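Each chain, written out:
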Amino acid sequence: MSMKKNRALIFFFIAPTVICLLLMYVYPVLRTVAMSFFRVESVTADAGSWTFNGLANYDKIFHNASFITSMKNFLAIWIVGGVITLALSLLIAVILTSKIRFQGFFRAAIYLPNIVSAVALATMWVQYIFNYDYGLLNQLVTFLGFDKVRWLGTDAKLWAMIAAFIYGSIGYYMLIYISGIEGIPTDLYEAATIDGASKARQFFSITLPLLKGIVKTTITFWTINAATFYLWSKLFSPVQTEGSTIVPVIYLYDTVFGGKGVIERDAGAGAAVGVVLTLIIIAVYVITDRLLKSRDLEY
Amino acid sequence: MKKLLSLTLALVMVLSLGAFALADGGTEITYWSMWNEGEPQATVIAEAAEAYEAETGVHVNIEWKGRGVNELLTAALEAGEPIDIIEDDYNRIGNVYAPYTYDLTEMAEAAGYAEHSYPVLTDQVTGWAGCLNSIVEQPQVGGIFYNRDAFETAGVEELPTTWTEFLDVCAKLKDAGIAPLAQDGAYTNFTFYYHLVRYLGEDGIAELRDNGGWADNEKAVQAAQDIIDLVNAGYLVDGAPDEYPSSQNKVGTGEAAMVVCANYVTAEVDAVFGPQNWGLINYPAMDGGASADVVYVGANSLAVTSYSEHAQEAFDFIMFLVTGEYDQKMADTAGQIPADPDNTCAYLPTAVDTLKNTTAPMSWCGSLNTHPAWGDMKTLFTELFEGKYADGAAFCAAMDALY
């Protein structure tokens, strides 16, 4: 078959995918970016009804106290939640790849929250573990002779939500790290052991450097998870959006669709929030890619 | 084998064509409901649709969209999706979807709708949309919902009408070992807003929203101080403000006697603890405050799309649902106030009269919820009930700091 015919065939086979990608992914992205510069009330409004708004949507959201609060909450989730989740999941992954007993059981047990519906998981945390009257934590606190704690009070609610989210996320990142660690040739560890390197030294000198690519991936995944954080916030504030748990996507949702008792809608400002979040994710990816160069490592 | 397959396919085709032919014979209307299949409201609606079809021959095709219907409706209406009836919050239908809805004024007049509705709600609809663009259902009324048995135990004979009388009732309840008030964090904004309305009215609150100056407003400071005093007096149930619905459930367990909310709180508590002996108190008046006639009212409503080809049939089905037998069934099954004042509200007998007599409706925090810092304001309201402020002035200073 000639090269020309081959090309035509390749084009023919990839065309459906490319067309779907353009229609279902590229077009919405471009439309959202364009929308963020226009005054648009409804998310599906005909482009002919849009009014050019310049940077006013961005100005609006960056001068909106609720958006600022949501960004602060996002940062807390991203930084605090990220450090704890990634560090704990890496630690667990290292332990579970070090030939301990009942490896399979521990892997399954730690991954279990990921196969339980997030709605059920969050409900368990809100209505049982953090419950003021009969919650697990307050039973523990009173058993130790202390006063009950309002775990879901205004001061603690964000941290309570982050703690619950970490619990639900560790298993997923643990599996990624385990697959990375298992890809490292065992002879490297055997050689290091013969040379007298301790387990800690092996971790910092072999495991961690060779996991750079995986760490980069997990940071990007975590950033995406934190930026698109929605369900947990909704379940920790089920009746209406609260300042203590508001995150950018909740703000976006309320801006686009209105909230309880709120009928105002601004799809243009919502689009601006979406663009800002996308830029954050891209920025984090680029920075981590620069900082954690793994291309020079081969094994 | 091939023959059998061909025969089966041919049979399916013939039956399908037959079904289409049959379906073509009758009228069908499509209804996007805000309920989910299996919910009590949905069960009654489905029953009503069946009964309506048996009576008129009009088939109602119900699509259960759930509470997220508001995310779908604008796009669907803009695209001219074949829908005849939409259902959502009456405020949204009166404002957001108004351009896509049918003016029902003439049909309503012909059906004598005025006699089967609450003027306070229909006035809201016509005020927002400029015409009667929806028929109100499942009305809501706000105030202080109390357990009559708890009041009896505490020896409370007269219902409070002023804040001073309310505090006296709280004292009696506390002496009887019953916590006076349940309060979930999710509704602290509603309770404090109601309290502010009694001092300032919604217009007065709107002024504060636009210009700030909370700390300079004596009534705003006093309103916050009242809540601080209420907390300090120990009138909130243990754990309040709690995570919804933990605190309101304590009215069901008998630990608390009252809760400030809309009437759906009674259905929610009853669903967990069985029917309670509910009563409704209008939120008390404040000395030197604004009118105490203002009452929170809300509702869902049903509208006919402006492009419906079966507007009359759709309207008739709506009336079938919101009046008479099925409205009563809805009120009884779903624990709601009937949309038709001729029907009765078994679990909250005074609710119908309250709605009938209300002339001054209050919104759901409408004078504040458009403020850019509304989310942070709600946090401050919850902090107020958590007892975090030394006095009303400190709270109002924190409010001003949000501007």
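None of the values given here were measured: they were computed from a predicted structure.

Cut-offs used in this document
Residues numbered from 1 in each chain as written. Chains lettered and ligands numbered in written order. Predicted model: local features only at pLDDT ≥ 70, side-chain atom pairs only at ≥ 80, totals over all residues. Heavy atoms only, no water. Helix = DSSP H or I, 4+ residues; strand = E, 2+ residues; numbered from the N terminus. Buried < 20%, exposed > 50% of the residue type's maximum accessible area, 1.4 Å probe, protein only. Contact = heavy atoms within 4.5 Å. Areas by Shrake-Rupley, 256 points an atom, 1.4 Å probe, with all protein chains shown as cover. Core = buried A, V, L, I, M, F, W, Y, C linked by side-chain atoms within 4.5 Å. Domains from an automatic or database assignment. Expected span 1.5 Å × (residues − 1). Bend = angle between axes of the 7 residues up to and from the residue. Polar contact = N/O pair within 3.5 Å; in protein donor to acceptor, adjacent residues only side chain to side chain. Buried area = accessible area lost by both parts, 1.4 Å probe. Salt bridge = Lys/Arg side-chain N within 4 Å of Asp/Glu carboxyl O. Nonpolar A, V, L, I, M, F, W, Y, C, P; charged D, E, K, R; others polar.

## Section: the overall build of chain A
Assigned secondary structure in chain A consists of 13 helices and two strands. Residues counted as buried form 41% of the 299 residues belonging to chain A. Sequence separation of 24 or more characterises 65% of the internal contacts of chain A that already satisfy a separation of 6 or more. As displayed, chain A has an accessible area near 16,300 Å², and 70% of this comes from carbon and sulfur atoms.

## Re the nonpolar core
Ranked by internal contacts, the top residues of the largest apolar core, which has 138 residues, are Phe192(B), Met258(B), Phe317(B) and Phe395(B). Counting contributing residues per domain, this core is built from domain 1 (2–133 + 299–348) and domain 2 (141–294 + 362–400) of chain B, each supplying no fewer than three. Contact partners of Phe395(B), with chain neighbours within four places excluded, come to Phe192(B), Ala224(B), Leu380(B), Phe381(B), Leu384(B) and Tyr389(B). Ranked by size, the runner-up nonpolar core spans 59 residues in total, among them Ala160(A), Phe203(A), Leu210(A) and Ile281(A).

## A look at helix H3 (residues 65–96) of chain A
Since there are 3.6 residues in each turn of an α-helix, residues three or four apart along the chain are aligned in direction. Residue and element names in this part refer to chain A. Taking 1.5 Å per residue as the helical rise, H3 with its 32 residues ought to reach 46 Å, and the 45 Å between its terminal C-alpha atoms agrees with that figure. At Gly 82, H3 shows its maximal bend, which comes to roughly 35°. Its side-chain oxygen at 2.8 Å from the backbone nitrogen of Ser 66, Asn 64 defines the N-terminal cap of H3.

## Remarks on the domain arrangement of chain A
The assigned domain composition of chain A is domain 1 (1–29) and domain 2 (36–291). Each of domain 1 of chain A and domain 2 of chain A has a C-alpha centre, and the two are 35 Å apart.

## Overview of the environment of Asn282(B)
Residue and element names in this part refer to chain B. You can see Asn 282 is positioned in the loop between strand E7 (278–281) and strand E8 (295–304). For the pair Asn 282 and Val 295, spaced 13 residues apart in the sequence, the C-alpha separation amounts to 7.3 Å. With residues near it in sequence (within four places) discarded, Asn 282 still touches Tyr 194, Arg 198, Ala 292, Val 294 and Val 295. At 3.1 Å, the side chain of Asn 282 and the side chain of Arg 198 are in polar contact.

## Focus: the interface of chain B and chain A
Between chain B and chain A, the contact holds 37 residues from the first and 36 residues from the second. Taken together, both faces of the contact between chain B and chain A bury some 3,000 Å²; the carbon and sulfur share is 45%. When residues of chain B are sorted by the area they lose upon contact with chain A, Glu71(B), Glu243(B) and Pro372(B) head the list and together hold 18% of the total. When the shortest N-O distance is used, the salt bridge between Glu243(B) and Lys157(A) registers 3.0 Å. Counting the contacts that link chain B with chain A gives 23 residue pairs in polar contact (both at pLDDT 80 or more). Counting only elements with at least two residues in the side of chain B that touches chain A, the list comes to helix H3 (69–78), helix H4 (90–95) and helix H16 (374–386) of chain B. Partitioning the side of chain B that touches chain A into residue classes produces 13 nonpolar, twelve polar and twelve charged.

## Section: the domain arrangement of chain B
Residue and element names in this part refer to chain B. According to the domain assignment, chain B contains domain 1 (2–133 + 299–348) and domain 2 (141–294 + 362–400). For domain 1 versus domain 2, the distance between C-alpha centres works out to 36 Å. Each partner contributes residues to the interface: domain 1 has five residues there, and domain 2 has eight residues. Roughly 480 Å² of surface becomes buried between domain 1 and domain 2 when both sides are summed, with 65% attributable to carbon and sulfur atoms. Area buried by domain 1 at its contact with domain 2 is led by Ile 337, Tyr 347 and Leu 348, which between them contribute 84% of it. The interface formed by domain 1 and domain 2 holds zero salt bridges in total. One can count one residue pair in polar contact (both at pLDDT 80 or more) joining domain 1 with domain 2.

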